[in-house]
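Now for the letters of each chain:
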Amino acid sequence: MRWSQLLIPTLKETPAEAEILSHKLLLRAGLVRKLTGGLYTFLPLGLRVLQKIQNIIREEMNRAGAQEVLMPALQPTDIWERSGRYETASDVLFKVKDRGDKQWVLGPTHEEVITTLVAGEINSYRQMPKNFYQIQTKFRDEIRPRFGLMRAKEFIMKDAYSFDVSDDAASESYERMYAAYGRIFRRCGLLAFPVEADTGVIGGKFSHEFVVPAETGEDEMVYCETGAYAANIEKAVSSGPVTPTPKESTGGSPEKFATPGVTTIDALAGEPYGVPASCQIKTLVYSLEGRLILVLLRGDDQLNEAKLAGHLGTTLFRPATADEIVAVLGARPGSLGAVVGVSGNSGVRLILADEVLRGAKGMTTGANEDGCHLRHVEIDRDIAGIEWVDLRTVKEGELCVASGKALKIRRAIEVGHVFKLGTKYSEALDAKFLDENGKSKPCVMGCYGIGVTRTLQAVIEQGNDGFGVIWPITVAPFQICITALDVDPAGEPMRLAEACYKELTDLGYEVILDDRAERPGFKFKDSELIGIPLRLAIGEKSLKDGMVEIKPRGGEMEKISKDAAVKRLVELAGEMRRALEG
RNA sequence: CGGAGCGUAGCUCAGCUUGGUAGAGCGCCAGCUUUGGGAGCUGGAUGCCGCAGGUUCGAAUCCUGUCGCUCCGACCA
């Protein structure tokens, strides 16, 4: 294609709206334009990249035995009510009404729709396994869209759903998708890693996120440099805190002492009290269905809410308000504890304590009386009715359970997620089949997502330099840019450029011919900004000696005879492709 | 939803404190020059100063409201 005819609105200056590098480049390279917050138009260049990524996904999904379908984005509410997610996912659901005042939802994902389809079409074990996928626009009512395509109200996702006759068979489907995901991201030129992920209220071990390490990511991953372990922080475990929990008795019974104005762990750790955070019991209070749940953690630990949700089997809990807490416990946040007035208190549903506190002695905690704390607390002796759970958030430097080495934490962008769902949706939406014994069973499901638009931005986040984007050749909008330095149609440079353009295009390459009547520097800068992997520059100067110039994006320029140029470009393109696709 | 910041030319931004005819650079258009790394000169076009009220003789500027955008936060007591 001719550059002069395409809409490629590159920007020399950085738009004020962009904060992170990939977002800036998305705009500067003329890939997208914002309609409004969280909604973007893909321009010709951006769309080309998007389609490249989609095609890689298609090829790998098909290769893995999945088949493509396309489901409605607009969905009736009743299937969401049947799955229970009209409630539990309510805050991200875009809800719309039609003229008859009937409520609909814009799909944030499609478990309900695909399961409804399968319920009607699949009745026998002979019809499985099946795996359906689609590439489609999803809608999520994000609290705060940000970072361009990273978190948007509307985004393109590849979602796949597997249906199997048994748990074992479902595990095989899961493994197939897991392997396919590795290939997809590799082919996109992305360094993406599988990490163990939170399985939420469904539970189980089969959930991995594919993440791209990046400072701008919204997720945190915990990993061991030996490669023995990697997990999302919501899921991660370690062999425990670096400072041990005290296990020595310090007194015969809990002793109340005055701590006026002290409402934080830090304040109690400071003068004049000097109680190390690791010797404090932090008491958090959550509300679930009108009653309170006490969550006990060591003072220096942070609650991992995902773990709490996993243990409770629901996400319908929230931090209790100060009023609720005072009504039930008699004290305000900051002076709370589980020792006094908690056991047998009908307003308290449950006391959960983090495993790290097992056997803790000589601890200090709130006295359930404003301005007072208790010391010499021994958790086994002084707090009744505890349920022990792993609830803490792992910290950097703690030891890996697999290798014993110190764990590291990095931020990362989640680009894909594979998840073994079990029978939650098939049971709720009646996707059942008859097995070989004529017995009715729910299908065992898995779901597998890739954020396509986010993946595009992740590729930019990972591939760029001071000049602009560096596209992997597999997803580049064009593989080759021919920069004609003199665009007079009758002149030799342009005639040669046209000839090379035709030859390369005939060979199946996607070539952009920069035929704009601009100065060379301007055109070089532009081709670098939009990140085309290979550039062929044709100008009078070197042409006098029969030479042209080839420059791989981010590599060294080489002068080459004009007759050898096409062959060399094909060679280089092949090398680049093989490096990614093997 | 809470907090903060910002809305002025296509883009980046100044002007606002202290009210008095709307500004710069880049981009765009025309011409000349230039022609291998975002050129130079000359001339030109471009604004509901986000929107709506209010104060005032007079508002981009002050006040109120509203809409939009960006950032931080929204369990960690």
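Everything numeric here is computed off the predicted structure, so don't read it as measured data.

A few words now on the overall build of chain A. Per the secondary structure count, chain A includes 16 helices and 31 strands. The C-alpha extent of chain A, read off along each of the three principal axes, is 100 × 65 × 50 Å. Put simply, chain A has 582 residues, and 52% of those count as buried. Intrachain contacts of chain A at a sequence separation of at least 6 include 69% that bridge at least 24 residues.

So, on to the domain arrangement of chain A. The domain boundaries assigned to chain A delineate domain 1 (25-71 + 108-224 + 408-460), domain 2 (255-389) and domain 3 (468-581). Placing the centre of domain 2 and that of domain 3 at their C-alpha centroids yields a distance of 66 Å.

Take the nonpolar core next. A general trend in soluble globular proteins is that nonpolar side chains are found buried together. By size, the foremost hydrophobic cluster in this structure holds 59 residues, and its most contacted members are Met61, Tyr181, Ile184, Phe185, Leu456 and Trp471. Sorting elements by how many residues they give to this core places helix α2 (residues 44-63) first, with 7 residues. Those residues within four positions of leucine 456 in sequence are excluded, and the remaining contacts are Leu26, Phe42, Gly46, Val49, Leu50, Ile53, Leu149 and Trp471. By size, the runner-up hydrophobic cluster in this structure holds 26 residues, among which are Leu292, Leu296, Val342 and Ile351.

With that settled, the discussion passes to the sheet that holds strand β5 (residues 94-97). Here 3 strands make up an open sheet; going across it, the order is β4-β6-β5 and the pairing antiparallel. At either margin of the open sheet sits one strand with a lone partner, and together these are β4 (74-76) and β5. Sheet twist, expressed as the mean angle between neighbouring strand axes with direction ignored, is 40 degrees. Inspection of the sheet shows β5 paired to strand β6 (residues 103-106) by 4 bridges, in the antiparallel sense. Pairing of lysine 97 across the sheet is with glutamine 103, part of β6.

Here we come to the protein's contact with RNA strand B. In the neighbourhood of RNA strand B, 44 residues make up the surrounding shell, with Thr263, Gln302, Gly334, Glu528 and Glu549 lying closest. Here, RNA strand B places atoms within 4 Å of the protein, and 45% of those atoms are sugar or phosphate. In this structure, a sugar or linking oxygen belonging to RNA strand B sits 2.7 Å away from a side-chain N or O atom of lysine 12. Contact between RNA strand B and glycine 521: a sugar or linking oxygen at 3.4 Å from a main-chain N or O atom of the residue. Within the residue set of the surface near RNA strand B, elements represented by two or more residues are β1 (32-36), β14 (281-288), α14 (520-529) and α15 (540-543). With 8 residues, the single largest contributor to the surface near RNA strand B is α14. Residues that form the surface near RNA strand B fall into these classes: 17 nonpolar, 10 polar and 17 charged.

To continue, consider the side chain of histidine 110. Note on placement: histidine 110 falls in the loop between β6 and α5 (111-121). Within the structure, the side chain of histidine 110 is placed 2.8 Å from the backbone oxygen of proline 72, a separation counted as a polar contact. With residues near it in sequence (within four places) discarded, histidine 110 still touches Met71, Pro72, Ala73, Gln75, Gln134, Gln136, Lys138, Asp159 and Tyr161.

The subject of this paragraph is the sheet that holds strand β20 (residues 386-389). The strand order across the open sheet formed by 5 strands is β16-β14-β15-β17-β20, and the pairing between neighbours is mixed. What marks the edges here is a single partner per strand, and that holds for β16 (317-319) and β20. Shown here is a sheet whose adjacent strand axes are inclined to one another by a mean of 35 degrees, direction ignored. Note that β14 and strand β15 (residues 291-298) share 8 bridges and pair antiparallel. Within the sheet, the bridge partner assigned to lysine 282 lies in β15 and is leucine 297.

Cut-offs and rules
Residues numbered from 1 in each chain as written. Chains lettered and ligands numbered in written order. Predicted model: local features only at pLDDT ≥ 70, side-chain atom pairs only at ≥ 80, totals over all residues. Heavy atoms only, no water. Helix = DSSP H or I, 4+ residues; strand = E, 2+ residues; numbered from the N terminus. Buried < 20%, exposed > 50% of the residue type's maximum accessible area, 1.4 Å probe, protein only. Contact = heavy atoms within 4.5 Å. Domains from an automatic or database assignment. Core = buried A, V, L, I, M, F, W, Y, C linked by side-chain atoms within 4.5 Å. Pairing = 2+ DSSP bridges. Axes fitted to C-alpha atoms, helices over the stretch in contact; angles between N-to-C directions. Near = heavy atom within 4 Å. Polar contact = N/O pair within 3.5 Å; in protein donor to acceptor, adjacent residues only side chain to side chain. Nonpolar A, V, L, I, M, F, W, Y, C, P; charged D, E, K, R; others polar.

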